[in-house]
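# Structural characterization, general
So you can see what is in the structure, the chains are spelled out below.
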Amino acid sequence: MAETLTADFDNFDLEDSDADEDYEDVSETPLASEVDLLSAVKIAREVTLLVLNNKQNEAVDKIEPFWNHSVYHALAHAALNTALALMKFEKEDLLNAMDIVKECSSFVNRRRHKSSFTNNMVTKMVIRPNYDTYSEEECHAELCYADMLIFRALLTFAQEGSLFSYLRGGLKIRRAHQVYKECEEILEHRSKWNDEHLKREFESGADAAAGAFNLIISSLPPRLAKFLQFLGFDGDRDVGLQRLSNGHKKRDTVRGFMCSGALLAHTCAIRFFLTYPLVDDNMFIYCEQLFEPFRKEISEGPLVHTFDGRINFMKGKLQESLDHYTSAKNTIIGDGMINVIAVFEMSWIYIVLGDLRKAADHMEILCQNCNWSKCLFHYVKACALSMLPDRTPDEEEQMLFCMREVPKHLRRYLGRSLPVEKYCFRRAERFFAQDNWLPLPAYEMLYASNYFYLLKGKVDLLEPIMVQIDRAIIDLQEGPHKDSVWHVDNYCLALFLKGLCLAYMGYPLSAEEYFLEVIQK
């Protein structure tokens, strides 16, 4: 432990901390020809649309040579490189993106309103600054600077998992939160704006920041959320959704797209992994309303197909979902990147449909081309192969190989692994302890990932799954695993999954019998 801390201290770059970031010397940053703020905002929006239309190379060509022409040129350049680096998740790309964001951050910091150290630390605690003395560029520079700090924090977290990398990232998020609070003050107390569109742009930025902070913190475990609220971070879910909704209505702004995207991600995906939301026609109508600005300005591309695939998946229209996801999968994103979301979702659809070989093939694509969670990808592929009744020797070898790869790709952050990866690791251990076998592992992961909930009321999809579960129950009662040390655990899992199917098929009393039997055992 002492050696680890010593290594962390040796690698800790005090110059990268945020203690004196407001007063850093940026004289080396080159100054280019000025672009008026309104034109810069329009260019940033055009770059955003190019990215959403899967024209990343055109976006790079449009913004990279002119990144130091305005704060919004710098913001678009930093955001684009951050997004591409996080999608690839390669160390070299993350380091290059960090260098770019630092340079853009220094440029934006130079355009912020200049105050003395005394004014910053003492006077603001007693006397509110006169925000009418700020130019509109200085106001927007505050907003863009806070965004840059978030980009730097994300890249810091992604690069390494050491203690001090988290301290550096945490300090940047805290500083960004303070700057966003300052932007709220500007919005509330500034009385004159020369251009209404620039004011709306500033408002949408404040809405996006406040909404994202509230929504993310309210989604964290209660004890951690309370601790962060004690430190001054806001965490009200309803407030977060309302602020993002306000930003979504400002569709002609750069950050309006971000608000719409955040609401879509929360409604269609994130909350499915955190809770059991009500899935009905009203929800689908709401999602379509959120996606409307994207449909109007984005041609038929991977983003549109990915959204339509997700919506059809939630509706239980699996073939339509597969068609859209296939179109999204076949479109290369940026510099040879695959559509990870489309491939990942297709794997689960094939598991529901019982086509386990195709599910394994799609997880293999992720194992080879995506660095997000190779531990999870290898485990799910092994689960799909393990449930094949007619595995070939080659598929048997692939299954064992994938299970052996699970612990090798287990990531640790601050000495702790991600919950989903730790779960995969524990189940892989159980797999080898039970002589290379697990009961219904693909359906278990389907439930653990909350995809089972999407099958509620879909009797035609649940019946084939229940047939497989019934076979597993008979095998557990009469097969070679009936004398296993973990027989009770295995048997209870099969009973629970059958009860779950019955409950979602509309037979609550029958489901209760199975749940009670699990409790009794």
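Refer to the preceding data block for the structure.
Here is what the cut-offs are and how they apply
One numbering rule holds for all chains: residues counted from 1, following each sequence as written. At least 70 in pLDDT is required for a residue's local features to be given in this predicted model, at least 80 for side-chain atom pairs to be given and counted, and no such filter applies to totals for whole chains, interfaces and linings, which use all residues. The side-chain quantities take in all heavy atoms of the structure and omit both hydrogens and water. Each helix is a run of H or I in the DSSP string that is no shorter than four residues. Each strand is a run of E no shorter than two, and both are numbered from the N terminus. Buried, partly exposed and exposed residues are distinguished by accessible area as a fraction of the type maximum, computed with a 1.4 Å probe on protein chains only: under 20%, between the cut-offs, and over 50%, respectively. Throughout, a residue-residue contact means that at least one pair of heavy atoms, one from each residue, lies within 4.5 Å. Put simply, a nonpolar core is a bunch of buried Ala, Val, Leu, Ile, Met, Phe, Trp, Tyr and Cys residues held in one set by side-chain atoms that sit within 4.5 Å of each other. Fitted lines through C-alpha atoms give the axes, limited to the stretch in contact for helices. The angle between two N-to-C directions lies from 0 to 180 degrees. Note that the term roughly parallel is reserved for angles under 35 degrees, roughly antiparallel for angles over 145, roughly perpendicular for angles of 65 to 115, and oblique for everything else. Helix crossings get a hand from a simple test, with the near helix turned counterclockwise from the far one by less than a right angle marking a left-handed crossing and a clockwise turn marking a right-handed one. Each residue gets one of three labels, nonpolar for Ala, Val, Leu, Ile, Met, Phe, Trp, Tyr, Cys and Pro, charged for Asp, Glu, Lys and Arg, and polar for the others, Gly among them.

### Some words on the overall build of the protein chain
Check the secondary structure of the protein chain and you find 24 helices and two strands. The buried share among the 521 residues of the protein chain stands at 50%. Intrachain contacts of the protein chain at a sequence separation of at least 6 include 68% that bridge at least 24 residues.

### As for the environment of Ala-74
Examined against the element boundaries, Ala-74 turns out to sit in helix α4 (residues 71-88). Of the residues examined, Ala-74 reaches a relative accessible area of 0% and is grouped as buried. For the pair Ala-74 and Tyr-145, spaced 71 residues apart in sequence, the C-alpha separation works out to 9.8 Å. For Ala-74, the residues in contact, after removing those within four places along its chain, are Trp-67, Cys-104, Phe-107, Val-108 and Met-148.

### Describing the nonpolar core
Trp-348, Ile-351, Leu-366, Tyr-443, Leu-446 and Phe-452 are the most contacted members of the largest nonpolar core, which has 96 residues in total. Tallying contributions element by element places helix α16 (residues 340-353) first for this core, with 10 residues. Leaving out residues up to four positions away in the same chain, Trp-348 has contacts with Phe-313, Met-363, Val-380, Ala-442, Met-445, Leu-446, Ser-449 and Tyr-451.

### With respect to the packing of helix α2 (residues 37-52) against α4
Where α2 meets α4, the closest approach of the two axes is 8 Å, and the angle between their N-to-C directions is 20°. The orientation of α2 relative to α4 falls into the category roughly parallel. Helix-helix and strand crossings are classified by hand; for α2 and α4 the assignment is right-handed. Listed contacts from α4 to Leu-37, Ala-40, Val-41, Ile-43, Ala-44, Val-47 and Val-51 of α2 are Val-71, Tyr-72, His-73, Ala-76 and Leu-80.

### Digging into the environment of Gly-211
Tracing the backbone shows Gly-211 in helix α9 (residues 196-218). C-alpha separation for the pair Gly-211 and Leu-263, spaced 52 residues apart in sequence, amounts to 9.5 Å. Setting aside residues up to four positions removed in sequence, Gly-211 forms contacts with Gly-240, Arg-243 and Leu-244.

### Concerning unusual backbone geometry
Phi is positive for Phe-89, close to 60°, though the residue is something other than glycine. Along the chain, the position of Phe-89 falls in the loop between α4 and α5 (91-110).

### Observations concerning the packing of helix α18 (residues 374-386) against helix α19 (residues 393-408)
Put simply, α18 and α19 touch, their axes get as near as 8 Å, and they point 150° apart. Put simply, α18 runs roughly antiparallel to α19. The way α18 lies across α19 gives a crossing that is left-handed. Here α18 contributes Cys-375, His-378, Tyr-379, Lys-381, Ala-382, Leu-385 and Ser-386 to the contact with α19, which in turn contributes Glu-395, Gln-398, Met-399, Cys-402, Met-403, Glu-405 and Val-406. Its residues placed into classes, the contact of α18 with α19 shows eight nonpolar, three polar and three charged.

By themselves these figures say nothing about function.
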